Amino acid sequence: MLSGSSVWGTLLILSCALKLSLTQDEHMNNALRLMSETPLIDGHNDLPWQLRMKFNNQLNKVDLYTLNNTHTNIPKIREGRLAAQFWAAYVPCDTQYKDAARQTLEQIDVIHRMCMKYPEAFMFATSSKDIVDAFSQNRTASLIGVEGGHSLDSSLGTLRTMYHLGVRYLTLTHSCNTPWADNWLVDSGAEPSQHNGLSEFGKQLIFEMNRIGMLIDLAHVSENVMNQVLDLSKAPVIFSHSSAYAVCPHKRNVPDDVLRKVQNKKGIVMVNFYNDYVTCSNTANLSQVADHFDHIKNVAGHSIIGFGGDYDGVGRVPGGLEDVSKYPALVAELLRRGWTDAEVKAALGDNLLRVFREVERLSTTHNTTASTN
Amino acid sequence: MVWDELDRRVKEKQQVLSICGNSFKTVGKAFQNMISRILHGGDFLNLGTNLMLCFLCAMTSGDPTTGSAFGLMTKYPLIDGHNDLALMLRILHDNRLSQVDLHNISKVATDINRLTTGHVGGQVFAAYVLCGAQAKDAVRLTLEQIDVINRMCTENPELELVTSAEELNDTKRIACLISIEGGHSIDSSLPTLRMFYQLGVRSMALTHTCNTPWAESSSTIYDVYQRENDSLTDFGKDVVKEMNRLGMIVDLSHSSWATARAVLQISKAPVIFSHSSAHAICNHSRNVPDDLLRELKENGGLIMVNLHSGFVACHGQANISIVADHFTHIRKVVGSESIGIGGDFDGASKFPLGLEDVSKYPALIQELMKRHWTENELSGVLRHNFLRMFKEVEKERDRQKAKGTLPSEAQIDLTRVQNPCRLVLRRPDHQTTKMEQMYSKGHSELVVSRSLVWTMVILISCLCVLMDH
């Protein structure tokens, strides 16, 4: 026969568990509510690269509704409430000094075709207004970021033409130096610095990016480049997929002093979910990703935070964030940790929209400002 | 003088040039002859000739026929099929438009003032890059030429960049269109072709003076991609089909006749020779023989007569009369509806007396008027034939769009294009993992050591417990 105390104990445990799950449901409901009011804008997804590697960009061989060996497909995007995505037009560093420009055009092309093939799911977007319009139509705004300055082949003409093709951010380097900027591997000691940051041409590139309204992305760059660009750029800058160095001291992450500089310049750091950047080890969980959000908020305020999952660009993602359907769980965790609705909305999309609008406002391409060579 | 400047710029770029970027340096010398001819051999720079021309202008200014040529061209401003000002901007000014007054440019045949005097209402500007860039940095160089034309045409109020027949017809400014001169610019990549279209390119010559891996040139200067009986490969046909789908005009100037015939067999839209003349008048391989003219007529296409002396007069002095002979001949073979003008100014070294630069078109029209060409025929030559052809190309695009034709995913057989500058891609996570292993080697070794120590501790403890028992 069960004793009275064990019955009461069991009841207590059960009620706690029930309360917890109710609270969890409440957080999730709130998360979903907030995500229906403010678009979740993710800074970096490598699905286009998966399309190249797995299908040679032959979209007629893919069904994005049933594709099941990637982090990203259309049902998962919908479940994840992903309202806007910067798709990466990435080509490897090996193409530098070879056919990087042509291969980058092919990646830009596959993003365009993906949007044309699934117009009910994707709306090609090139502006902050487009993101808002797509959100109102319940389609995922699809923007393009070129990941790596090597794609430009050191040519401002190429930068401008890529802008005309809809590219709206350029990550200044991938994991290799360009002839005008150093990458993060320089800080790790794995590669020598070539420019102590940016060369003169690199600085000209920053000015031109400001002029035409191209977002400057500092993911993958060396710390010197981070600091120099933050000093030089007239427009706010982004880290499309980088996390907090103080939480995980990986040279792909952003140190606290740089976070404060980003705050001063009203930029954004979009947190990367890759395990190795979250915990500096092979494994991670959702809570540890939320630690990065908390840290950045504590150091530099909630106005500089965003989401930059790096899905389909990395092999190891955290438990609880296995694919793009899991964003709401992370949002629920932030709410559980006491984030206010306004802070969550800022991280979801308001911060990125602010940055984007300011970059658009400062761009002078519609004036008579002459282009530079 | 020009070559010192080029050498200086090449040295500045040495940091970024590799074997795959050497096109600028290694083919720089190829320009020397052309530039020397332009700077030192071109009549239009000779002061005495200029004075003579002024005299001729003065003599003819009272001529009612000249007056009516201007009047006609005011009513029907010329749409010219091919101009290489963009190339000269690169060679002479490194595309630095800030250093150039586009109204009045020295050492070239084209600028806004002279286009206006010449009653040019629309100009197709070629975004041309050297054949030496093929399999190297042709794509990037082409993007830069597209960019310079774009900037030129959007930063000057007298010019307007247009991308449709309607815009071309309706503009009150000088319309600019962008063309590509040579399939080597697309690096055998249909996505690249599509991106060029999106950048505003509306016409592409399948070859320049070099074969591509998929089409044959009329020239044998470059000994590359030689094939027997395969002037337009299967991929070449895919290129033409995709151009039809996009609404990009197929340009057969510089292609071999065999390539041209193959294209005319399969193209569903009218095609053009943007700057070629009549082979029957001057038997240069760049010109078009009569049988090909007839196939072109059936296709609804256009031959836009090139004014370069070397293509107009195979023997003797080129002059306006001989140029007009080309028009007369082509009209006789296929009718005036198939004719346009593609001057090739700034892309060639010598031009006939009286047609030295883009201000001189009215003199040519005057000659045709003297030969009793009607207003209807001349309005066709000047612009209506081009507009009609362009609209047909757009109609084919619209037909295919309505049918739901998808962008082509055809890819060239890699064995046809292997070269040191073409990378066969590897999976990026192998690269990243390799790099990260290099970076985090110390860190991961430490992690392994710690777990090894604890494992040893536990094992030893268990052993001790067992031994106690």
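Look above for the structure.
One structure accompanies this document, and this report is about it. Owing to the predicted nature of the structure, the values given are computational and were not obtained by experimental measurement.

Our focus in this paragraph is the environment of B:K360. All names here are of chain B. Mapped onto the fold, K360 is located in the loop between β9 (339-341) and α16 (361-370). For K360, a relative accessible area of 18% puts it in the buried group. In this structure the C-alpha to C-alpha distance between K360 and V333, which are 27 residues apart in sequence, comes to 26 Å.

Residues and elements named next belong to chain A. Interhelical geometry of helix α6 (residues 156-164) versus helix α8 (residues 200-212) gives an angle of 25° and a closest axis separation of 11 Å. Between α6 and α8, the angle falls in the class roughly parallel. Our pair here, α6 against α8, has a crossing hand that is right-handed. Note on element contacts: α8 touches α6 through F201, L205, E208, M209, R211 and I212, opposite L156, L159, R160 and Y163. A per-class count over the contact of α6 with α8 returns seven nonpolar, no polar and three charged.

The next point concerns the pairing of strand β8 (residues 268-271) of chain A. Residues and elements named next belong to chain A. Every second residue of β8 is oriented toward a common face, with I268 and M270 on one face and V269 and V271 on the other, all of them buried. Note on the crossover from strand β7 (residues 238-239) through helix α10 (residues 256-264) to β8: the handedness is right-handed. With three bridges joining them, β8 and strand β9 (residues 305-307) adopt parallel strand pairing. Bridging from a neighbouring strand, V269 pairs with I305 of β9.

It is generally the case that most residues other than glycine have a negative phi and that most peptide bonds are trans. A positive phi angle is found at A:Y97, which is not glycine, with a value near 65°. Topologically, A:Y97 is positioned in the loop between β2 (82-89) and α4 (100-117).

At the junction of the two partners, chain A supplies 54 residues and chain B supplies 45 residues. Together chain A and chain B conceal approximately 4300 Å² of surface at their shared face, both sides included; 55% is due to carbon and sulfur atoms. Counting across the interface, chain A meets chain B through five salt bridges. Inspection of the chain A/chain B interface yields 15 residue pairs in polar contact (both at pLDDT 80 or more).

Residues and elements named next belong to chain A. With eight of eight residues buried, β2 is to be regarded as a mostly interior element. As defined by bridge partners, strand β1 (residues 40-45) adjoins β2 across four bridges and the pair is classed as parallel. When the sheet's bridge partners are listed, L40 is paired in β2 with L82. Bridging between β2 and strand β4 (residues 140-147) involves six bridges; their strand directions are parallel. Within β4, the position partnered with A89 by the bridge is V146.

Before going further, it helps to spend a moment on helix α6 (residues 85-93) of chain B. All names here are of chain B. The buried fraction of α6 is high, at nine of nine residues. For α6, the full list of buried residues reads L85, A86, L87, M88, L89, R90, I91, L92 and H93. Just downstream of α6, D94 is the residue with a positive phi angle, here 55°.

Residue and element names in this part refer to chain B. For H275, the position within the fold is in the loop between β7 (272-273) and α13 (290-299). Reaching out from H275, the side chain makes a polar contact with the side chain of H254 at a distance of 3.5 Å. In this view, H275 contacts H82, E181, S253, H254, R286, M304, N306, G342 and D344; residues no more than four positions away in its chain are not counted.

A few words on the packing of α13(B) against helix α15 (residues 320-334) of chain B. Residue and element names in this part refer to chain B. Between α13 and α15, whose axes approach to 9 Å, the crossing angle comes to 60°. Viewed along their axes, α13 and α15 adopt a mutual orientation that is oblique. When the axes of α13 and α15 are compared, the crossing they make is right-handed. Counting all contacts with α13, which are made through D290, L293, R294 and K297, the residues of α15 involved are H329, I330, V333 and V334. For the contact of α13 with α15, the per-class residue count stands at four nonpolar, one polar and three charged.

A few words on the environment of B:T116. All names here are of chain B. With respect to the helices, strands and loops of the structure, T116 is situated in helix α7 (residues 112-117). Taking relative accessible area as the criterion, T116 reaches 48% and is therefore assigned partly exposed. Along the backbone, T116 and I174 are 58 residues apart, and their C-alpha atoms lie at a distance of 8.0 Å.

All told, the structure shown has 19 aromatic pairs over all chains when counted by the stated rule. Of the aromatic side chains, those joined through ring pairs into one cluster are A:F273, A:F293, A:F307, A:Y311, A:Y327 and A:W339. In this structure, A:K297 is placed above the aromatic ring of A:W339, and the distance from its NZ or CZ to the ring centre is 4.8 Å. Taking NZ or CZ as reference, B:R331 lies 4.2 Å from the ring centre of B:W373, over its face.

Procedures and definitions
- Residues numbered from 1 in each chain as written.
- Chains lettered and ligands numbered in written order.
- Predicted model: local features only at pLDDT ≥ 70, side-chain atom pairs only at ≥ 80, totals over all residues.
- Heavy atoms only, no water.
- Helix = DSSP H or I, 4+ residues; strand = E, 2+ residues; numbered from the N terminus.
- Buried < 20%, exposed > 50% of the residue type's maximum accessible area, 1.4 Å probe, protein only.
- Axes fitted to C-alpha atoms, helices over the stretch in contact; angles between N-to-C directions.
- Parallel < 35°, antiparallel > 145°, perpendicular 65-115°, else oblique.
- Left-handed = near helix turned anticlockwise from the far one by under 90°.
- Contact = heavy atoms within 4.5 Å.
- Nonpolar A, V, L, I, M, F, W, Y, C, P; charged D, E, K, R; others polar.
- Right-handed = clockwise from strand over helix to strand, strands pointing away.
- Pairing = 2+ DSSP bridges.
- Buried area = accessible area lost by both parts, 1.4 Å probe.
- Salt bridge = Lys/Arg side-chain N within 4 Å of Asp/Glu carboxyl O.
- Polar contact = N/O pair within 3.5 Å; in protein donor to acceptor, adjacent residues only side chain to side chain.
- Phe/Tyr/Trp six-rings, centres within 6.5 Å; stacked < 30°, edge-to-face > 60°.
- Lys NZ or Arg CZ within 6 Å of the ring centre and 35° of its normal.

Limitation: the analysis is restricted to geometry and does not speak to function.
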